[in-house]
Structure formats: C-alpha cells, structure tokens
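These are the residues of each chain, in order.
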Amino acid sequence: MKRTTNDLRTVALGAAALALAVATALHAQVAVRGDVVHTMSGAPITDGVVVITDGRISAVGPAATTPIPAGVRVLRAAVVTPGLIDAHGTVGVAGALNSDHDQDQLEHADPMQPELRAIDAYNTREMLVEWVRSFGVTTIHTGHAPGELISGQTMIVKTTGNTVDEAMLVPLAAVAVTLSPEAQRGEGKSPGTRGKMAAMLRGELIKARDYLARLDRPDADDDDAGDEPDDERHRGRPDRDLRLETLGRVLNGEVPLLVTADRAQDIASALRIAAEFDIRVWLDSAAESYLLVDEIKAAGVPVILHPSMARAVGVRENQSFETAATLRRAGIPVAIQAGYESYVPKTRIVLFEAAIAAANGLTFEEALATITIDAARILGIDDRVGALAVGRDGDVALYDGDPFEYTSHCIGVVIDGAVVSEMVR
Amino acid sequence: MHRFLILLCLGLAALGLDATAGADGPARAWTNARILPIDGEAIDGGTLIVRDGRIEAVGPDDAVVIPADAERIDATGRTIMPGLICTHSHIGGIGGADASAPMQPDVRIHDSINVRDSGFMRARAGGLTCLNIMPGSGHLLSGQTVSVKLRAAHTIDDLLIHDVDGRMMGGIKMANGTNPQDDPPFPGTRGKAAAIVRSEFIRALAYRDRIARADGDAAKMPQRDLRMEALVEVLDGTRVVHHHTHRHDDIMTVLRLSKEFGFRVVLHHISEGWMVAEEIAAAGAPCSVILVDSPGGKLEAMHLSYETGRILEDAGVLVAFHTDDWITDSRLFLRMAALAVRAGMSRDGALRALTINGARILELDDRTGSLVAGKDADFIILDGDPLSVYTKVLETFVEGERVFDRADPDDRLYATGGDGAGHDQDPYFCCYDEGNMR
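Think of each chain on its own: its residues are numbered from 1, step by step along the sequence as written. Chains and ligands are labelled sequentially in the order written, the chains with letters from A and the ligands with numbers from 1. Note on the predicted model: pLDDT of at least 70 is required for a residue's local features to be given, and 80 or more for side-chain atom pairs to be given and counted; whole-chain, interface and lining totals, by contrast, use all residues. The basis for the side-chain values is all heavy atoms of the structure; hydrogens and waters are excluded.

1. Things to note about the sheet that holds strand β8 (residues 168-178) of chain A
Residues and elements named next belong to chain A.
For step 1, the next point in the chain: Pairing within the open sheet is mixed, and its eight strands lie in the order β5-β6-β7-β8-β9-β10-β11-β12. Single-partner strands in this sheet number two, and they are β5 (84-86) and β12 (334-336). Shown here is a sheet whose adjacent strand axes are inclined to one another by a mean of 25°, direction ignored.
For step 2, the next point in the chain: For this analysis, residues touch if any pair of their heavy atoms sits within 4.5 Å. Angles here are taken between N-to-C directions and fall from 0 to 180 degrees, while the axes themselves are lines fitted to C-alpha atoms, restricted in helices to the stretch in contact. Counting from the N terminus, the helices are the DSSP runs of H or I reaching at least four residues and the strands are the DSSP runs of E reaching at least two. The strands that helix α6 (residues 264-277) touches are β9 (257-261) and β10 (281-285); relative to β10, the one it contacts most, it runs at about 170°. A pair of strands is labelled paired if DSSP reports no fewer than 2 bridges between them.

2. Some words on the confidence of the model for chain A
All names here are of chain A.
For step 1, the next point in the chain: Confidence of the prediction at every residue is given by pLDDT, a number between 0 and 100. Model confidence for chain A is summarised by a mean pLDDT of 92, while 90% of its residues fall at 70 or above.
For step 2, the next point in the chain: Taken element by element, the predicted model of chain A shows its lowest mean pLDDT in helix α1 (residues 5-26) (50) and its highest in β5 (99).
For step 3, the next point in the chain: Note that pLDDT drops below 50 for residues 1-6; the model gives that stretch one contact with residues more than four away or on any other chain.
For step 4, the next point in the chain: Contacts for the low-pLDDT stretch residues 20-26, under 50 throughout, to residues beyond four places or in other chains number three contacts.

3. Some points on the domain arrangement of chain A
All names here are of chain A.
For step 1, the next point in the chain: In this entry, domain limits derive from an automatic or database-based domain assignment. According to the domain assignment, chain A consists of domain 1 (29-82 + 386-425) and domain 2 (84-193 + 243-383).
For step 2, the next point in the chain: Inter-centroid distance (C-alpha atoms) of domain 1 to domain 2 is 27 Å.
For step 3, the next point in the chain: Each partner contributes to the interface: domain 1 provides 26 residues, whereas domain 2 provides 30 residues.
For step 4, the next point in the chain: Buried area adds together the accessible area that both of two parts lose upon being put together, with accessible area traced by a 1.4 Å probe. For domain 1, the biggest contributors to the area lost against domain 2 are M40, F404 and R425; these three give 33% of the whole.
For step 5, the next point in the chain: Put simply, a salt bridge is a Lys or Arg side-chain nitrogen that is within 4 Å of an Asp or Glu carboxyl oxygen. Across the domain 1-domain 2 interface, the total number found is three salt bridges.
For step 6, the next point in the chain: Of the charged contacts, one joins K158 and D393 as a salt bridge, the two residues approaching to 2.8 Å between their closest N and O atoms.
For step 7, the next point in the chain: Contributing elements (two or more residues each) for the side of domain 1 that touches domain 2: β4 (73-82), β13 (396-399), β14 (410-415) and β15 (418-421).
For step 8, the next point in the chain: Residue classes follow a fixed rule: Ala, Val, Leu, Ile, Met, Phe, Trp, Tyr, Cys and Pro count as nonpolar, while Asp, Glu, Lys and Arg count as charged, and any other residue, Gly among them, counts as polar. For the side of domain 1 that touches domain 2, the residue count by class is 15 nonpolar, five polar and six charged.

4. Re the environment of C287(B)
Residue and element names in this part refer to chain B.
For step 1, the next point in the chain: When you line up the elements, C287 lands in strand β13 (residues 287-289).
For step 2, the next point in the chain: For the pair C287 and L318, spaced 31 residues apart in sequence, the C-alpha to C-alpha distance is 6.1 Å.
For step 3, the next point in the chain: If near-sequence neighbours (up to four positions away) are discounted, C287 is found in contact with V266, L267, I270, I280, L312, V317, L318, V319, A320 and I361.

5. A short note on the interface of chain A and chain B
By convention, interface size is frequently given as the accessible area that disappears when the constituent parts associate.
For step 1, the next point in the chain: Each partner contributes residues to the interface: chain A has 45 residues there, and chain B has 43 residues.
For step 2, the next point in the chain: Summed over both sides, the interface of chain A with chain B buries roughly 3,900 Å², with 58% coming from carbon and sulfur.
For step 3, the next point in the chain: Counting the surface chain A buries against chain B, the share from its top three residues, F321(A), Y343(A) and Y406(A), is 20%.
For step 4, the next point in the chain: For the interface between chain A and chain B, the tally reads one salt bridge.
For step 5, the next point in the chain: Its salt-bridge partner being E322(A), residue R412(B) comes within 2.6 Å of it at the nearest N-O pair.
For step 6, the next point in the chain: Here a polar contact is taken to be a pair of N or O atoms separated by no more than 3.5 Å, where protein atoms must pair a possible hydrogen donor with a possible acceptor and residues adjacent in sequence count only if both atoms sit in side chains. Here chain A is connected to chain B by 28 residue pairs in polar contact (both at pLDDT 80 or more).

Structure representation (structure tokens):
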C-alpha cells in the first residue's frame, strides 16, 4: 500500500519540473531597447524600452522610466519598430520554387471559387516565409492571388508557427476578386470582357443573397421532385453550399471583398458593386486610384496599394511612386503590400516598398504606418498587432539604422515574445 | 581584336585633341559639387567643366581654372557622378529571335527598337546614360545586342555607338540552363544545349576556313551566311558573348565552351556565381550581376544571394550590375548597388559596378563610365548620396546634352510615374508565358 520513497521522489521531481516549465512559459520575458522606438501609438521614444511578458507587451516607454526586470534578456538596436505587416501577398501559398508543386495561389478550374480556403494551402515551412520575416515582417495577409474573377479566400497569419493553426490570426480575412483583364479568359470562355466580369460577379452575389434568404425559411416539407425547380413556393431551406455560404459572409458584412483593380474603370466598377450590394470592399493594387480619390474617399473604402516598385507595365503602366502620399493626403486609409509575383522576384518585401513611398511624399512615420498600424487597422487586427503598446502582441523588428535605407540591416525579429530571427539582413 | 582596340584608342585620342584644340562651343562649369569621378577619389567642393559634349576638366574648385566664357552653375549640395551604365536591358519594346530555332545569330536587336518607348524616358530618369540592349533568354542564342547612348532620339540611329571603323557596337546574347529548354528544335536537356552550341560553332569555324582559303578570290568565297558571319565575329573576338547563366554548373559550362572556341564572354545574372567565384576569376570572365528582392521564382535562382557582389569582388572578378529591365526598373538602378553594399560589397566597388566596370564590359571605357577630362560628358546630378533611398536623380546628361530634368514636369512624370507615364505597350517577356516559366 505504502509508496516507496523512490516513487515519491520521482513524483515530486516531476511535479517540480512541470511547475518550473509552466512558470517559465507564463513568465517568459524579453526586452528590446532602442535608440529610437517607433511605437506607432504615439511619438517616437528616444532611448526606449519594450518589455514583453508571456508573449504580450507589458511595458513601453523611455528607458529612464521603464524598468527592465532583472535577469531578462535585452535585445538592443538603433531603431525599433512594431513587427511589420504585409497587407497583401501570397507568401506561403505561393512558394519560391515556382513549379507546380508549390504554387497553390491560383486554381483555374472555374472563374469563381470563393470556397477555396487559404488555410488549406499554407505552407508554414515555405522558405519565403522565413525570408520576409528576416527583414522584420511578422504578419502577412496571404492567400489566393489575383488572376481569377473570384480566386478564393485570404487569411492573416504570423510568420511563425509549425502549423497553420499556430500561425493563425484570421482564418478568413477576405474573398479575393480580380476586376482586370488579367482574369479574363480567351478562346470563347467567360469572362472575356470587363462587362462580363461585372455581370458574373453580380450574378453570383445575387445567388448568394437568395441563398441567405432561403436559409431563414423552414425546411421544405416534402420532396419537391417533379416540381418546377424555380417555383418559389417549393423552394425551402437549401442544401449547404460552400460557395454561396462564403459569399453570404460577404453579404452580411462579416468578410470584405478584396478587389484587385488597377485601371480607373475597374476601380469604379469595384465601388459600384460595393454600393449595389452594400458590402465591404478593400481596394487592392489600385494603380490608378489617384484618378478617383474623391470617389474612393466618399465610398469609405481603404486601399491596399500595389508595391511601390510594381512594374509599370500592362494595367499598372501608369502606376506612381507617389500614390501612397496622394491617398494619405486625401484622408484615405492606405497600406502597402508586397503583392503577387509570378516570376522573379517571387515575392517583394514590404519594408522595401514602404521605403520607396517614404522617399516619394510620405514622411518616415507615415510610410512606416502603411506597413504597421494603418495596415493593422484596415485588416481589422489592430487590437493585436501594428503598434507597440501594452497588451498588444509582442511583435518587434530591430534595425541597425533607418530601416528604409538600402544599406541598413534588420538585426532581430521577435514574434509573440519569442526571438525568431537574429540574422543580420 | 587588339588591332581594333588600338584603333579605337587612337581614334578617341585624336577626337580628344580635336575637342581641346577646337574649344568652339560654350563651356559650362558646375562648381561647389561633391564629385564622384569613380576613376579618382571623391572631391568635396569640386568643379566639372563640360564643352562640346566632352569633359574638359574635373577637380577641386581651387585647382580647376574656369574659362572666362564658361556658364557657371552653382551645384552646392549636389553630387555629380558618371552616368549609369546598364550592361543588360530589355527596354524599347524589342523582339529578338522567334520560335523557329534555338540559335539565331542573324537577328539584330537594333532592327526592333522603338525609341519612343517610355522605358527610355524612365531609364534617363534613373540616371542611365548607356545601355546594352539585348534580346531575351529563351534561346541558346537569341540575337545580336546593341550598345546605345540615351541621347535624345528621333530614330534608332540617334542612339547607336560606332567604333572608329564605323562598326556598330554590340555583342551577342546567349543563354543556358532552363530558360532555353523547350520542345525540339530547342534543347530538352543541358547536354543537348551544349551539343547544339558546339555544333553551330564548328560550322562557323568551317565557314571561316573557307573564307580564309578563298584568300580574297570572290569565286572561291562561300555563299554569304548572316548567321555564320555573326558567329565568325564571335570566334574572332570582335563580338563579345553576353551569356545568361544561373546555376554553378551552367556557369562552368559557359566557361568550358568559351575556352574551347576562344570566344570572349561576359557572365550575366549568375545567381550561383558566388559558388564558383575562384573559377570565374581564374577564367578572367567579367560578370554582370542582378540582385532581386527574393530568391527563387525558378529553381536555378533559388540560391541567389545579395552577397554575390561582395564575393566576386573579393575574388578579383570585374563586376558590373544590370537592371534586366523590366525585371528591375531602370529608375531604381542605384538601389542595386546599395543592396550589394548592404551585403558587404565595398562602396567604391559597388559604384564602379554601376559605371566604369559596365563601360569596360561594353568596351566603352575610353569614352564613358568615369569623370575624366577628354571623356564624353555623360553624368548625373543627384541631391544626395547615391546609395540612399531618399536621393533623387535631378538631371541626366549624355554627351553634354541634358536628357532628363526632374524640375521639368514632363520629365518628372517619368521619374515618379503617373497618368500618361505608360504607353500601353506590351512588356518584353523573355521567358514568361501565362505563369509558366521556361
């Protein structure tokens, strides 16, 4: 009956070890001290400190008044910013190899496939995830790429985690729509024109609206086989339809459409459809948005702008380095994205894209906002990321100089309080 | 080839003397500038004197005598450096070899250039003054390249550069690795690619032998063959091979074929060049390097490194950069050197890789690529350090003529982009087909 001493000792040691492990996890702390800390929730702090406890920011302030608890590891840098946010890319769904087995960003079987989930296609070990992270990018809005009328869903993840669940912030961030000739089909297939693209998108949204309406009805009371299928009286509660269910979440305002549109007429179509269905839209890429500033502002639509260095060809031939500044001056919320690349480079890096905006009309802090707090607000994740403030996730990027200068380096990256990169890049 | 170079040098020297002796045109003197001559130390408080399209003098303000007739321009706060030279560009709406054969040395890229393409204005806005315009990499040999100066142009003739024999300057474009692979008659493997190239050069050797045996007797001359003619120029060393190549083993294949046939070669892109830097140095092959923002996009570019410039520089290789425009934008060419410096390349080496080293690769270093008296007045004026993201190219001069002025709204449009900056022309797709790479 009586336990042996050895047994007891084993149990006691095990319990102590477990307690220690739990204590370590619960009270894990790291501090970052910077010559300048850009909190993006107030003025920059000279000689500032960020303390992260249990993955969240527990203190931010001047070093003189923000004590760093004894024994806590301190990372130092010339410039400290919130972890950067890529407001729209395809990293992790599109891989660096660019061969069939790592390209899951576009499925061409059907021009409209809103049911395609990004969470089912994301490779946490994709080398491009680590690549962008090494420049300070800690959060990415990624998923299905522009290139089909409705190419699928997007999601928001951290650039860490062994599984997509560990990386997850928002599993369904938006439904990706492309209003551009690049999503048109040749050889007599639809959509083949701009007019047809709008008609098909509207038709699908109307179907989804009908689906939502029918969901509210009681089940059909009998088998309606043989009846006229369009007979309103016999249409009861519909079978579950992933495609319409997803668009239903757009119609009820839960999820926005991410509409990639560069030409002014395509941007106008996006705004027209948003108004018709009273849905939320994030304008994506939007090269010629500077021509429709008043309309975009009146519609209350944010712009997730193409990379500053996007090639000035095709529908983006009239893109401008100064568009971010133009939109910002007009009071339109603007974030900058890495975008989708089908060749080399396979991804761009938002740090570099915001740098060009900083050199072309935005102030340093305004440019930094396009890849931190403003991106977070547009994406609806500013309660978690985008600023260095108490209670926010412990995501921090460290640089050895002005982060936008070509010759500066990212020297450290922290996500949820864990130091995930210390390489000099 | 040596005869050719000597003639070129003599010719330039003669022209230089003429310019000094003539001194007919008005002189302009930029003073109080920070001058980066590239050949020589940086000068704080420097003067640059330009007359008749050439550099008359460059040096510290107190060491340069400004001619009495000179127009003086106060360049306080400005940095003046040589115009940038891009050794690998695809601007101009060009079209080289077609799909009929993997080697088409008869195709000349200058027969396809649209001088009104907005790419030229963007290149001037980026501070470029001299380019090597090349056909793409979808062929083992996609045609003849052409060196151009970005002068104000009405027709292609206004852009061309001729040597003292009146020969248009340019090289020939070749490629290996996966880009030229396709269904027959294109190669399906690397072994086949090399075999096709070797067979064609062996034919060219035979063609050259027949011409030699004819010894001037028209009756014994072979039928004129444009393809063989261009390859004979390659064999004779009067036409340099500009070779697209990425993987380390593909680079070695290029060097092997270069040695076998004795052709002169410049290695382009070389994503994995850092792996065989010593071998490249030993072969004496100059390199034209591109850095893009992430590795990959295709298997053979997976190991692309920002450190390529540093590693090749350390190995003693002649390194220039290129835009590969539209792969990277000519307006951002300075950025490439800055990224190389970010990864450890020397600042001096990176600036040389934008200027004089490109001129050497294009065999134009006697007339451009550095700010030295007697050279063409190809230079740019910046509002800050060339390697800073915040720095703007304010003015670009080619042979003394201003071809870009940021203060002019029409020119500024091309620098920033905006409504009307594009001309709605199809980009040049070297190896891109609806997302399928080859």
